[in-house]
Amino acid sequence: MTANATKPADAPSAAEILPSRFRYALLGNPNTGKTTLFNRLCGVRSKTANFPGSTVEARIGVIPRRDITFEIVDLPGHYGLNLDRPESSFCKQFLSGEYAHAPTPDAVLVVADATNLSRNLLLVSQAIQQGLPAVVALNMTDLAQRRGLTIDTDKLSEVIGCPVVPISARTGDGIDELLRVMRTPILSSAALPNPTDVQETSNWAEQIVPLCVGGDDAVGSANDSVTDRLDAAFTHPVLGIVVFAAIMTGLFYTIFSLATVPMDLIELTFAHVGQWIGNLLPAGAINDMLVDGVLAGIAGTVVFLPQIVLLFFMLSVLEDTGYLARAAFVMDKLLRRFGLPGQAFVPLLSAHACAIPAIMSTRLIPGHNDRLATIFVAPFLSCSARVPVYVLMIGILFTDQPLVAGIAFTGCYVLGALAALVTSLVFRRTILRGPSTPMILELPTYKLPSIRTALLTTYDRSLVFLRKAGTVIVAICIVLWWMGEYPRVDAPPEVATMRAEAEQLAHEQPETAAQLLVQADEVEAQNAKAKSFVGRIGHIAEPVFEPLGYDWQLTVGVLSSLLAREVFVSTMAVIVTGEEDGEDEAVRERIVAAKRDDGGLLFTTATSASLLVYYVLAMQCLPTLAVTRRETGSWKWAGAQLVYMTGLAYVLAMLTFYVLRWSGVS
Amino acid sequence: MAITETRPAAVPVPLSTLPRGASATVCHQPQCCADCELLNAMGMTDRCKVRVCRRGNPLIVQVASTRLGLSSAMAAHIQVYPDVSAE
Ligand SMILES: Nc1nc2c(ncn2[C@@H]2O[C@H](COP(=O)(O)OP(=O)(O)OP(=O)(O)O)[C@@H](O)[C@H]2O)c(=O)[nH]1
Ligand SMILES: [Mg+2]
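Scoring rules and cut-offs
- Residues numbered from 1 in each chain as written.
- Chains lettered and ligands numbered in written order.
- Predicted model: local features only at pLDDT ≥ 70, side-chain atom pairs only at ≥ 80, totals over all residues.
- Heavy atoms only, no water.
- Helix = DSSP H or I, 4+ residues; strand = E, 2+ residues; numbered from the N terminus.
- Core = buried A, V, L, I, M, F, W, Y, C linked by side-chain atoms within 4.5 Å.
- Buried < 20%, exposed > 50% of the residue type's maximum accessible area, 1.4 Å probe, protein only.
- Contact = heavy atoms within 4.5 Å.
- Near = heavy atom within 4 Å.
- Polar contact = N/O pair within 3.5 Å; in protein donor to acceptor, adjacent residues only side chain to side chain.
- Areas by Shrake-Rupley, 256 points an atom, 1.4 Å probe, with all protein chains shown as cover.
- Nonpolar A, V, L, I, M, F, W, Y, C, P; charged D, E, K, R; others polar.
- Buried area = accessible area lost by both parts, 1.4 Å probe.
- Salt bridge = Lys/Arg side-chain N within 4 Å of Asp/Glu carboxyl O.
- Phe/Tyr/Trp six-rings, centres within 6.5 Å; stacked < 30°, edge-to-face > 60°.
- Lys NZ or Arg CZ within 6 Å of the ring centre and 35° of its normal.
- Patch = residues over 30% accessible without salt bridge, like charges linked within 9 Å, V, L, I, M, F, W, Y side chains within 5 Å.
- Domains from an automatic or database assignment.
- Pairing = 2+ DSSP bridges.
- Disulfide = S-S within 2.5 Å.
- pLDDT = per-residue confidence, 0-100.

A. Geometry of the environment of B:Val11. Positionally, B:Val11 belongs in the segment before strand 1 (13-14). For the pair formed by B:Val11 and B:Gly56, sequence separation is 45 residues and the distance between their alpha carbons is 22 Å.

Structure (structure tokens):
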């Protein structure tokens with residue numbers, strides 16, 4: 001391998017004097033190591049950018065140097081600029097400056113896989129003919145060396161008319177040289193094939209490869225027998241499914257078991273911070289709003305961060321090894337029976353943490369109807385925001401029966417998955433009819449995962465999640481808090497009576513007095529709740545939810561969590577005790593013992609089961625609807641999602657309630 | 001990739017009919033299938049060599065150092081000349 005990149009002598013240099021900020025578009029086939037290179041160059045100095053009006057997400061990073069700052073855009077991997085695919089057309093628009101929401105890049109950095117040069121040259125030749133000066137980074141040279149390939153980069157550079165730098169994004173070899181050459185990208189003036197003619201381009205590539213590549217590049221290299229054996233196991237119709245089930249079980253087990261410690265810590269911290277703020281500020285509306293509105297809202301969301309961090313870390317590691325593509329391959333057969341493509345698998349998997357990143361990752365699904373179906377059903381899968389509701393309901397239903405409770409927990413996940421599959425089946429037979437795109441999936445070579453990449457991906461995803469917690473959820477909580485607190489009403493006369501009684505008893509029976517005071521507070525809070533906007537709405541809407549076995553208090557719980565499910569638990573805590581924090585054990589006990597206005601138990605078995613079914617299926621998440629709208633381009637699909645999911649939830653919850661009642665369970 | 005002399009003058013057969021481990025040479029007609037362009041761009045060009053790594057639906061083929069998972073419906077549309085030497 002030649003150590004240094006060369007620049008053809010007679011080629012014009014596009015950037016003799018570079019501006020102080022120079023913008024590079026990072027382009028290449030999928031899995032050529034663009035993101036790995038991007039991470040090596042930019043590290044955490046990057047952010048995920050959504051490009052409005054496109055279905056594409058890309059990361060933008062900066063590399064500050066002494067005299068110049070490079071700005072790098074990590075574009076999605078694709079197989080050709082002229083293909084009829086969203087990534088391809090976006091990249092083409094982006095390079096040509098037709099894309100209105102981002103400035104035209106100054107140059108293009110093409111990443112090519114040294115172990116698969118003939119295929120990569122197709123995109124290289126198209127990319128350097130886009131009228132932009134270019135640098136080619138020949139990546140994976142460590143792998144190429146191990147396979148005994150030698151690549152003459154001087155020769156390659158001469159043929160294509162651009163500098164070519166051999167690098168390994170994984171080990172960091174050649175990165176300094178790349179940064180040096182990136183100061184002088186070159187607009188190629190070499191004789192290149194017509195970029196729109198794939199056949200001509202591939203003929204050209206096949207002529208070049210023997211000129212530049214020595215060693216074994218033929219079908220059947222040394223690595224193949226290992227890959228073959230692994231593939232045979234991972235894609236085996238029976239063994240493949242077994243391996244898949246084992247890996248997924250391990251994944252979820254790790255998420256749920258490892259996450260409990262940090263989750264407890266977060267809850268504890270927020271409880272302390274709440275107390276601290278509560279004591280610091282004078283009592284009043286601002287104090288209440290900060291502690292019961294803002295802080296409770298943030299705490300209720302941030303609690304799920306450990307699970308999300310773990311999920312994305314492990315998914316990134318699995319993806320990096322090359323296994324996820326095999327899992328998609330195995331699942332293709334199953335998913336296809338229900339009208340979904342194999343590529344839907346990864347989005348559906350990540351929907352178990354949160355539907356929002358899941359819906360965003362459906363961008364990788366090529367077929368339009370396939371993608372719509374996946375977006376539509378993804379929120380059925382049990383996301384981590386449902387977990388607190390499951391915990392509360394299952395705790396009530398199966399107290400002191402850990403095994404049954406565990407089965408019920410799994411049952412909730414299974415119910416969500418079944419609903420997703422059946423819905424997809426129905427939709428693909430009706431409104432989303434049409435052939436599903438047959439599978440073409442590249443199975444990348446197996447590699448050792450890069451922990452660095454996984455950490456950076458996790459960091460990035462967590463920031464997106466926290467931003468949501470910091471904006472949408474806080475806003476919802478403030479509004480809810482306000483509607484629950486206002487209008488302020490006077491306490492009912494019995495409260496004054498109880499307090500007076502307590503004062504009299506204070507000396508003789510201090511314990512009874514204290515109890516009376518607590519009771520008085522509860523009655524006052526309940527009265528305030530009932531007369532508040534939320535309470536009034538609850539009473540008005542009560543008849544709607546009566547068939548499901550809910551009284552006005554539960555109706556308020558359901559309505560208040562319309563925008564975010566996790567709010568249900570804290571709303572119930574506020575309603576039944578007049579105190580925040582549903583996670584507190586004592587408070588939870590009081591929720592369990594809460595009464596209806598007629599004196600009956602609030603959470604009967606039938607009601608709890610009905611609530612559980614309702615929360616598995618209902619679309620109770622405004623941010624998801626917003627993302628569906630953005631990804632499908634219309635409110636139509638978001639609206640349909642809301643009506644369909646909540647409708648299904650309503651009907652099945654009602655069924656659950658009545659079946660239980662008829663069979664003698666109250 | 002150079003075209004090897006193993007290419008027999010036989011009639012082409014669909015890729016989906018090849019046994020596991022068989023090698024063959026692809027013979028693309030333009031617009032042979034809806035995703036012809038994509039297949040080309042992924043490296044499965046006219047006259048390229050393929051090897052069947054796994055049969056069935058979906059199947060796995062190797063083109064140069066790229067492994068592709070293909071549905072058998074799609075593979076049924078791809079015509080290949082099987083290598084006599086590899087069978
Ligand atoms: N051995 C080796 N592996 C590498 C190198 N660069 C990247 N990889 C690995 O190649 C795989 C793909 O890397 P990514 O950076 O995700 O590729 P990408 O081009 O961003 O892929 P897409 O975003 O899917 O287009 C990962 O498993 C990396 O760890 C390298 O120089 N050497
Ligand atoms: Mg990438």
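What follows picks up the thread again.
B. Region of the structure containing the nonpolar core. Residues and elements named next belong to chain A. In terms of nonpolar packing, the biggest core is built from 104 residues, with Phe345, Tyr550, Phe568, Phe603, Leu611 and Tyr614 touching the most fellow members. In contact with phenylalanine 603, other than residues within four places in its own chain, are Met393, Ile396, Leu554, Met572, Ile591, Ser608 and Leu611. If you look at the next biggest cluster of nonpolar residues, it comprises 42 residues, including Leu27, Ala114, Leu149 and Trp204.

C. Just the site of ligand 1, in detail. Residue and element names in this part refer to chain A. Taken together, 18 residues form the shell around ligand 1, and within it Lys34, Thr35, Thr36, Asp142 and Arg170 come nearest. Here an oxygen atom of ligand 1 and a backbone polar atom of threonine 32 are 3.2 Å apart. For ligand 1, an oxygen atom lies 3.0 Å from a polar atom in the side chain of asparagine 139. Bound to the protein, ligand 1 loses 87% of the 650 Å² it would expose on its own. Those elements giving two or more residues to the shell around ligand 1 turn out to be helix 1 (34-42) and helix 4 (141-146). The leading source of residues in the shell around ligand 1 is helix 1, at three residues. Class assignment for the residues of the shell around ligand 1 results in four nonpolar, nine polar and five charged.

D. Summary view of the interface of chain A and chain B. Contact with chain A, which involves 33 residues of that partner, is made by 30 residues of chain B. In this assembly, chain A packs against chain B so that about 3,000 Å² is buried in total across both faces, 55% of it on carbon and sulfur atoms. There are three salt bridges connecting chain A and chain B. In this structure, A:Asp228 and B:Arg51 form a salt bridge, with 3.2 Å as the shortest nitrogen-oxygen distance. At the surface where chain A touches chain B, the tally comes to twelve residue pairs in polar contact (both at pLDDT 80 or more). Of all elements in the fold, only helix 3 (117-127), helix 7 (198-212), helix 8 (224-234), helix 12 (323-337) and strand 10 (440-443) of chain A reach the threshold of two or more residues within the side of chain A that touches chain B. The element best represented in the side of chain A that touches chain B is helix 7 of chain A, accounting for five residues. A per-class count over the side of chain A that touches chain B returns twelve nonpolar, nine polar and twelve charged.

E. Inspection of the packing of aromatic side chains at higher detail. All names here are of chain A. Under the criterion given, the structure shown has 25 aromatic pairs over all chains. For the ring pair phenylalanine 568 and tyrosine 615, a centre distance of 4.9 Å and an interplane angle of 50° mean the geometry is tilted. Taken together, the positions of phenylalanine 568 in helix 23 (residues 567-577) and tyrosine 615 in helix 25 (residues 605-617) put the pair 47 residues apart, joining distant regions of the chain. We classify tyrosine 615 as buried; its relative accessible area is 0%. Here the guanidinium or amino end of arginine 326 rests over the ring plane of tyrosine 446, the centre of that ring lying 4.0 Å away. In this arrangement the basic side chain of arginine 488 is found over the ring face of tyrosine 486, its NZ or CZ atom lying 4.9 Å from the centre.

F. Representation of a nonpolar patch on the surface in the model. Residues and elements named next belong to chain A. Together, Val44, Tyr459, Leu463 and Leu466 make up an exposed nonpolar region whose accessible area comes to about 320 Å². Along the chain, leucine 463 falls in helix 18 (residues 451-485). Looking at leucine 463, the relative accessible area reads 32%, which means it is partly exposed.

G. Local environment of the domain arrangement of chain A. As assigned here, chain A comprises domain 1 (21-214) and domain 2 (478-662). Each of domain 1 of chain A and domain 2 of chain A was reduced to a C-alpha centroid, and the two centroids are 55 Å apart.

H. Looking closely at the pairing of strand 4 (residues 69-74) of chain A. Residues and elements named next belong to chain A. Buried residues dominate strand 4, accounting for six of its six residues. Burial along strand 4 is two-sided: the residues Thr69, Glu71 and Val73 and Phe70, Ile72 and Asp74 are all buried. Of the pairings in the sheet, the one linking strand 1 (residues 21-28) to strand 4 comprises six bridges and is parallel in character. Paired with leucine 26 across the strands is aspartate 74, a residue of strand 4.

I. Highlighting the state of the cysteines. For the structure on display, the rule yields zero disulfides over all chains. In this model A:Cys212 remains outside any disulfide bridge; the closest cysteine sulfur is found in A:Cys162, 13 Å from its own. Assessed through its relative accessible area of 3%, A:Cys212 is described here as buried. No disulfide involves B:Cys48; its nearest neighbouring cysteine sulfur is the one of B:Cys27, lying 11 Å away.

J. Local environment of the confidence of the model for chain B. Residue and element names in this part refer to chain B. Residues with a pLDDT of 70 or more make up 79% of chain B, whose mean pLDDT is 80. Averaged pLDDT values over the elements of chain B bottom out at 84 in helix 1 (residues 36-41) and peak at 92 in strand 4 (residues 59-63). For this predicted complex, the interface score ipTM comes out at 0.86, while the overall pTM is 0.77.

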